[in-house]
Amino acid sequence: MLNQNIRVSIINFILILTVIFGLSLNLLEANKYLHLDEAASLVATSGYTLNEIQQNFSDKENIQNYSALGSLISARNDKSIADTTVSLYQDDPHLTPAYFVLNRLWMQLVGESIPVVRFLSFLFSLATLASLYYLCLEVFRSRITGLFSIAFFCISPVFWEFIMFARFYSLQMFLALTSTLILLKSLKTCSRTLWVAYAFLLSLSFYTYLFSAFTAVGHLLYVSVNYGSQLKKQLKFFLLSLIAASVSFAPWIFVLLGQKSVSEDKTNWLTLNQSLLTQVLSWLHNFSLTFFEVTHAYKPKGILEKLVLVKIPDLLAFSLIAYAFCFLVGTTNKKTWSLIISLVALTIFPLMLLDIYGGTILSVVIRYFLVSYLGIVLTISHLLSRGCTQGSIKLQRLWSAVVVILLVSSAFTKSSATLEELKVSSLWQETVSTLSQTPGSIIVGDNAYYHVRVSHLAQLSLGAFLVPQSPSIESLEQLIVSQTGPVYHLVGTGTELEDVIENSTRLTRIPIYSESGKLVGKQLTVNP
């Protein structure tokens, strides 16, 4: 008994250290360069539309510097919360406004630096940890299962990018878990206050992320299977809460219908026909990301290395997950396993079917089914916590070894990814600082979000010019000739513009390399 208590205490200690380690690595990345999606969040939060930014930064006679762009996308500009909603309506109607409104209020109250903006998502992630832990207590009645779940959340390659990501993903996960927890308590107590809270959280989920509808359908399936023929009062209150949340979301449904063409244009990159084999391999790899990501630390070369370092680990990870679900069904009651399976399946399977028959790649984009991964983490945590604390000593040692392998793999992967992110961030800072040293320098690009990324690195003297969509070589030449200082184009600061530059015979492209020898951009001049 004493040895068992010591074993559990050691496991708890390791899991707590894992949580601290994972969160600390995220905090180290707080000031790294902006991801394009994060830049898009700042633009939407500011209340300015892409057209308005285009008008302000495409005047050849009055080129503004990056500090002006930073002031424009500030949360303390002359725009309002209503303008934030309008910006989404015009540019990204497939997104919903809750996070962006909260982000604007946060930036106005606390500050506008990149670490501060990301810290809001970090707070939502901490709240997600609490909800995940208490959901484990409610479902499994096990503290150690709760510790396993939050440890894997903090260190899993699936979640690490989103823990401190200036986007709505951490809020979405928090709302999904919390609404599920409140639902369980509402079904147990039938408290009207809790049902109102559930309806509110569900409505807020819809206004945070459209795919939250899958979570609601999962709740509907769970309640129907477990309470449909027994507790009619609970079923009635649940349906009323679900209807109230759905009705509250009706205004944005009309927005989606009215801006259908804009939404389709923004999401057309998801339309891609892939073979079924390619999709299955992608699904297997995505499932393995629950534990590790080999390619972050090392890029396999050749078929044999890919087989040994990627495909076989993918199959092993999927096998462990499949076994965990079988173990879940065999060791828990119907209410427990049906809840978790409904949360997982009702997001993944519809997207898989849509990809197979609709020619899309929704099911291979991890951020679209983060809630499903939370369900997988719950299932794995149940398996590992039971394996490490119950059964024969040999089995406990075996499962303890599995836990160590998984935690070490995840920790190594996360550490490698963090170092890589900091290295890339340093490269961006170095590049922009170098270009800023020459007076009158400007950077050209045809993507506003790339300019927003640079605006948080650039010095005051560096100018920004936003080339109109479908740029012509003639207009670019006129811009270059009219400038007294050098004109630069950074790698990855525009798509169509890159093609125009590379295909031009009248432009001289002088490569710019970082100190490490990596190509970071080109200086553009017009041939005489």
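Above this text sits the structure in question.
Rules of the game
- Residues numbered from 1 in each chain as written.
- Predicted model: local features only at pLDDT ≥ 70, side-chain atom pairs only at ≥ 80, totals over all residues.
- Heavy atoms only, no water.
- Helix = DSSP H or I, 4+ residues; strand = E, 2+ residues; numbered from the N terminus.
- Buried < 20%, exposed > 50% of the residue type's maximum accessible area, 1.4 Å probe, protein only.
- Contact = heavy atoms within 4.5 Å.
- Patch = residues over 30% accessible without salt bridge, like charges linked within 9 Å, V, L, I, M, F, W, Y side chains within 5 Å.
- Areas by Shrake-Rupley, 256 points an atom, 1.4 Å probe, with all protein chains shown as cover.
- Salt bridge = Lys/Arg side-chain N within 4 Å of Asp/Glu carboxyl O.
- Core = buried A, V, L, I, M, F, W, Y, C linked by side-chain atoms within 4.5 Å.
- Axes fitted to C-alpha atoms, helices over the stretch in contact; angles between N-to-C directions.
- Parallel < 35°, antiparallel > 145°, perpendicular 65-115°, else oblique.
- Left-handed = near helix turned anticlockwise from the far one by under 90°.
- Nonpolar A, V, L, I, M, F, W, Y, C, P; charged D, E, K, R; others polar.
- Disulfide = S-S within 2.5 Å.
- Expected span 1.5 Å × (residues − 1).
- Pairing = 2+ DSSP bridges.
- Phe/Tyr/Trp six-rings, centres within 6.5 Å; stacked < 30°, edge-to-face > 60°.
- Lys NZ or Arg CZ within 6 Å of the ring centre and 35° of its normal.

Mapping serine 400 onto the fold places it in helix 21 (residues 393-436). Taking the relative accessible area as the measure of exposure, serine 400 reaches 18% and is therefore buried. Look past the residues within four positions of serine 400 in its chain and what remains in contact with it is Arg7 and Cys388.

Attention now goes to a nonpolar patch on the surface. A surface patch of nonpolar side chains, amounting to about 640 Å² of accessible area, comprises Ile6, Ile10, Phe13, Ile14, Ile16, Leu17 and Ile20. Inspection of the secondary structure puts phenylalanine 13 in helix 1 (residues 2-28). Residue classification places phenylalanine 13 among the exposed positions, given a relative accessible area of 52%.

In this structure, Ile53, Phe148, Phe152, Phe153, Phe159, Phe291 and Ile380 are the most contacted members of the largest nonpolar core, which totals 145 residues. Top contributing element to this core by residue count: helix 7 (residues 114-140), with 13 residues. Discounting residues that sit within four places of it in the chain, phenylalanine 152 has contacts with Phe159, Phe291, Val377, Ile380, Ser381, Leu384, Leu406 and Leu407. Judged by nonpolar contacts, the second largest core, of 14 residues, contains Ile480, Leu497, Ile501 and Leu507.

Turning to its location among the elements, serine 410 is positioned in helix 21. Judged by relative accessible area, serine 410 falls into the buried class, the value being 0%. Placed 314 residues apart in sequence, serine 410 and threonine 96 show a C-alpha to C-alpha distance of 32 Å. Discounting chain neighbours no more than four positions away, the residues touching serine 410 are Ile155, Pro157, Phe291 and Phe292.

Attention now goes to the packing of helix 7 against helix 10 (residues 169-189). The interhelical angle for the contact between helix 7 and helix 10, taken along N-to-C directions, is 30°, at an axis separation of 8 Å. What the angle tells us is that helix 7 and helix 10 run roughly parallel. Considering only the axes of helix 7 and helix 10, their crossing is left-handed. Of helix 10, the residues touching helix 7 (which contributes Ser121, Phe124, Ser125, Ala127, Thr128, Ser131, Leu132, Tyr134, Leu135, Glu138 and Val139) are Ser170, Leu171, Met173, Phe174, Leu177, Thr178, Thr180, Leu181, Leu184, Lys185 and Lys188. Classifying every residue of the contact of helix 7 with helix 10 by side-chain character gives 12 nonpolar, seven polar and three charged.

It is worth spelling out the state of the cysteines at this point. Summed over all chains, the structure comprises zero disulfides. With no disulfide of its own, cysteine 154 lies 13 Å from the sulfur of cysteine 136, the closest cysteine sulfur.

All right, on to the environment of glutamine 483 then. Among the secondary structure elements, glutamine 483 is positioned in the loop between helix 23 (473-482) and strand 3 (487-490). Given the relative accessible area of 18%, glutamine 483 is considered buried. Separated by 420 residues in sequence, glutamine 483 and isoleucine 63 have C-alpha atoms that sit 9.6 Å apart. Not counting residues up to four positions away in its chain, the partners in contact with glutamine 483 are Lys60, Ile63 and Ile442.

Another point: helix 6 (residues 98-109). Between the first and last C-alpha of helix 6 there are 17 Å, a value that for 12 residues agrees with the 16 Å anticipated at 1.5 Å per step. Packing partners of the buried residues in helix 6 comprise helix 2 (36-46), helix 5 (81-91), helix 7, helix 10 and helix 11 (192-206). At the exit of helix 6 stands glycine 111, carrying a positive phi of roughly 155°.

Glancing now at the pairing of strand 1 (residues 442-445). Residues in a regular strand point their side chains to alternate faces of the sheet. Side chains of strand 1 alternate between two faces, with Ile442 and Val444 and Ile443 and Gly445 buried alike. Note: strand 1 against strand 2 (residues 463-466), four bridges, orientation parallel. Across the sheet, residue isoleucine 442 finds its bridge partner in strand 2, namely glycine 463.

Turning our attention to the packing of aromatic side chains. Counted by the stated rule, this structure contains 27 aromatic pairs. Taking 5.0 Å as the distance between ring centres and 70° as the angle between the ring planes, the aromatic pair formed by phenylalanine 162 and tyrosine 169 counts as edge-to-face. A residue is classified by how much of its surface remains accessible, and phenylalanine 162, at 6% relative accessible area, is buried. With relative accessibility at 4%, the residue tyrosine 169 sits in the buried group. Residues phenylalanine 165 and tyrosine 169 carry aromatic rings whose centres are separated by 6.2 Å and whose planes lie at 35° to one another, so their mutual orientation is tilted. Among the aromatic residues, ring-to-ring pairing joins Tyr99, Phe100, Phe162, Phe165, Phe168, Tyr169, Tyr209, Phe211, Phe214 and Tyr368 into one connected group. Here the basic side chain of lysine 236 rests over the ring of phenylalanine 237, its NZ or CZ set 5.3 Å away from the ring centre. Above the plane of the ring of tyrosine 368 lies arginine 367, whose end atom (NZ or CZ) is 5.5 Å from the centre.

Let's shift gears to the pattern of salt bridges. A complete count under the given rule lists nine salt bridges for this structure. With a closest N to O distance of 3.0 Å, glutamate 29 and lysine 32 form a salt bridge. A residue is classified by how much of its surface remains accessible, and lysine 32, at 17% relative accessible area, is buried. If you follow the salt bridges from partner to partner, you end up with Glu29, Lys32 and Glu421 in one network.

Turning next to the sheet that holds strand 1. What the five strands build is an open sheet, ordered 2-1-3-5-4; its pairing is mixed. Of all the strands in the sheet, the pair left with one neighbour each is strand 2 and strand 4 (507-513). On average, adjacent strands in this sheet sit at an angle of 30° to one another, irrespective of strand direction. Its contacts with the sheet put helix 21 on strand 1, strand 3, strand 4 and strand 5 (519-526), and the angle it makes with strand 3 is roughly 170°. Lying over the sheet, helix 23 contacts strand 1, strand 2, strand 3, strand 4 and strand 5, oriented at roughly 85° with respect to strand 5.

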